Amino acid sequence: AAATAETAGAAATTARIEALLTPEGFDRAEVERIIDDSALPAPQKATLRRLIETAGDNPQLLRAALEQVKAVMN
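Note that the structure is predicted; figures quoted are calculated from it, not measured.

Novice: What am I meant to see in the pattern of salt bridges here?
Specialist: Opposite charge on two side chains permits pairing when their charged atoms draw close. Scanning all chains against the criterion turns up 8 salt bridges. We note a salt bridge from Arg33 to Glu30, for which the minimum N-O separation is 3.0 Å. Highlighted residues: Arg33 and Glu30, both in helix α2 (residues 28-37), separated by 3 residues, approximately one helical turn. When its relative accessible area of 39% is taken as the criterion, Arg33 is described as partly exposed. Overlapping salt bridges, with partners in common, bring together Arg16, Glu30, Arg33 and Asp37 in one network.

Given below as structure tokens:
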């Protein structure tokens, strides 16, 4: 039962991250937290944060930036 609950929790977390990495579900603070909490090297984290910051509120740039973050995080 514990393993099932853990698997369900991991699936929910993955779904939440996937939603955050879309222009519709984007939350800058949460995406930055995800980047910061990742196991990526510090320079790569800084690059991803700058990418998100540069995209700003431009939906097309933001979509491309989020796709790049998603690709790196997978």
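More follows now that the structure is in view.
Novice: Sorry if this is basic, but what is going on with the nonpolar core here?
Specialist: Side chains of a nonpolar character, in soluble globular proteins, are inclined to be buried together. Among the nonpolar cores identified, the biggest contains 14 residues, and Phe26, Val31, Ile35, Ile52, Leu66 and Val69 are the most heavily contacted of them. Of all elements in the fold, only α2, α3 (42-55) and α4 (59-73) reach the threshold of two or more residues within this core. In terms of residues, this core owes the most to one element, α4, which gives 4 residues. Each residue touching Ile52, except ones within four places of it in the same chain, is listed here: Phe26, Arg28, Val31, Ile35, Ala65, Leu66 and Val69.

Novice: Before we go on, may I ask you to explain α3 in this structure?
Specialist: Because the α-helix completes a turn every 3.6 residues, residues three or four places apart line up on one side. Relative to the 20 Å expected for 14 residues at 1.5 Å per residue, α3 spans 20 Å between its end C-alpha atoms, a close match to the ideal helical length. Buried within α3 are the following residues: Lys45, Leu48, Ile52 and Ala55. Projected onto a plane normal to the axis of α3, the buried residues spread over an arc of 95 degrees and lie on a single side. For α3, exposure combined with an orientation more than 90 degrees from the buried face picks out Ala42, Pro43, Glu53 and Thr54. Next to the buried residues of α3 lie α2 and α4.

Rules of the game
- Residues numbered from 1 in each chain as written.
- Predicted model: local features only at pLDDT ≥ 70, side-chain atom pairs only at ≥ 80, totals over all residues.
- Heavy atoms only, no water.
- Salt bridge = Lys/Arg side-chain N within 4 Å of Asp/Glu carboxyl O.
- Helix = DSSP H or I, 4+ residues; strand = E, 2+ residues; numbered from the N terminus.
- Buried < 20%, exposed > 50% of the residue type's maximum accessible area, 1.4 Å probe, protein only.
- Core = buried A, V, L, I, M, F, W, Y, C linked by side-chain atoms within 4.5 Å.
- Contact = heavy atoms within 4.5 Å.
- Expected span 1.5 Å × (residues − 1).
- Arc of directions from axis to C-beta.

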